[in-house]
Amino acid sequence: MCKLQLSLAIIKPHAVKNPVALSYIRNVIKNKFVVVKTKRVTLDQETAGNFYIEHEEKFFFNRLVTFMSSGYIDLHVLGHRNAIQLWRTMLGPTKVFKAQFEDPYSLRGMFGLSDTRNVAHGSDSIASAEREIKFFFPDFSFYEWHTNTEQLYRKGPIIFNKHLFQHVRKL
Ligand SMILES: Nc1ccn([C@@H]2O[C@H](COP(=O)(O)OP(=O)(O)OP(=O)(O)O)[C@@H](O)[C@H]2O)c(=O)n1
Ligand SMILES: Nc1ncnc2c1ncn2[C@@H]1O[C@H](COP(=O)(O)OP(=O)(O)O)[C@@H](O)[C@H]1O
Ligand SMILES: [Mg+2]
């Protein structure tokens, strides 16, 4: 038995605005993961800064926060037995030229515009996934997930709700 791991994916503003990129990204997500939660939001600069607080001292922090609060972003809680690593592998390298050169068919390789505007975010560890999911989905209960919902998403029956872009219990 292999339990589902969760990761937070964020589709960044330039990708949400690009219908070709967005539909491609949504397709690969839907084909590889169970989508546990989806939400479209905008962030103010303070919230974006808190989310990326680990990068506060970096030279790119200001532009990152400005960019991330510049338009709609799509939040997805993704489930897979290897969700964190799988999503980051699908993203490809953080830096866009590296992505284009070393992994041209990764999402960042295909749709990245710059090192800042690199298509999407993915949690980098189990601890950061928990923090990031709690950050955007404060009502999400990890207790409930481990005791109940994880099994439902692993064994079903679930169906994909296109309108919500989310898997839901099949009634
Ligand atoms: N001290 C610095 C300054 C810049 N860079 C790199 O140089 C890239 C190009 O910088 P810039 O031209 O400012 O990027 P933009 O094309 O404007 O794109 P963005 O701001 O979206 O990254 C940066 O993204 C960063 O990876 C770096 O490594 N160290
Ligand atoms: N050298 C850089 N220049 C500009 N922006 C950067 C740079 N490095 C990282 N960023 C931005 O900050 C985000 C967070 O950085 P990091 O956590 O190191 O990468 P990742 O998103 O791959 O986990 C990146 O996705 C990117 O948008
Ligand atoms: Mg990161």
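Quick note: structure is the one above.
In this text, all values refer to a predicted model and were calculated from it rather than measured experimentally. (Residues numbered from 1 in each chain as written. Chains lettered and ligands numbered in written order. Predicted model: local features only at pLDDT ≥ 70, side-chain atom pairs only at ≥ 80, totals over all residues. Heavy atoms only, no water.)

Peer 1: Would you explain the environment of Trp145 in this entry?
Peer 2: Examined against the element boundaries, Trp145 turns out to sit in helix α9 (residues 142-155). Spatially, the C-alpha atom of Trp145 lies 14 Å from that of Gly156, the residues being 11 residues apart in sequence. In contact with Trp145, other than residues within four places in its own chain, are Leu4, Leu6, Val36, Phe140, Glu150 and Tyr153. (Helix = DSSP H or I, 4+ residues; strand = E, 2+ residues; numbered from the N terminus. Contact = heavy atoms within 4.5 Å.)

Peer 1: I would appreciate a short explanation of the sheet that holds strand β3 (residues 73-80) in the present structure.
Peer 2: Spatially, 4 strands are ordered β2-β3-β1-β4 in an open sheet, and the strand pairing comes out antiparallel. Of all the strands in the sheet, just β2 (34-41) and β4 (120-122) have a single pairing partner and so form its edges. Ignoring strand direction, the axes of neighbouring strands in this sheet form an average angle of 20°. Both β2 and β3 contribute to a ladder of 7 bridges, which runs antiparallel. Its bridge partner lying in β3, Thr38 is registered against His76. Each of β1 (5-11), β3 and β4 touches helix α5 (residues 83-91); the most contacted strand, β1, lies at about 30° to it. Along the sheet, helix α8 (residues 126-136) makes contact with β1, β2, β3 and β4, crossing β1 at roughly 60°. (Pairing = 2+ DSSP bridges. Axes fitted to C-alpha atoms, helices over the stretch in contact; angles between N-to-C directions.)

Peer 1: How should the pairing of strand β5 (residues 158-161) be read in this particular structure?
Peer 2: Within a regular strand, side chains alternate between the sheet's two faces. Relative to strand β6 (residues 166-169), β5 is paired through 4 bridges, and the arrangement is antiparallel. If you follow Ile158 over to β6, its bridge partner there is Arg169. The turn joining β5 and β6, which pair antiparallel and follow one another in sequence, is formed by 4 residues; a positive phi near 50° is taken by Phe165.

Peer 1: Before we go on, may I ask you to explain the pattern of salt bridges in this structure?
Peer 2: Once their charged atoms are close, side chains differing in charge can pair, the charge on each being opposite to the other. Applying the stated rule across the entire model yields 4 salt bridges. Here Asp74 ties to Arg26 by a salt bridge, and the two come within 3.6 Å at their closest N and O atoms. Of this pair, Asp74 sits in strand β3 while Arg26 sits in helix α2 (residues 19-32), placing them 48 residues apart in sequence. Classification of Asp74 as buried rests on a relative accessible area of 1%. You can call Arg26 partly exposed: its relative accessible area is 23%. A salt bridge links Lys98 to Glu102; the nearest nitrogen and oxygen atoms lie 3.3 Å apart. Taken together, the residues span about one helical turn, with Lys98 and Glu102 both in helix α6 (residues 96-102) at a distance of 4 residues. (Salt bridge = Lys/Arg side-chain N within 4 Å of Asp/Glu carboxyl O. Buried < 20%, exposed > 50% of the residue type's maximum accessible area, 1.4 Å probe, protein only.)

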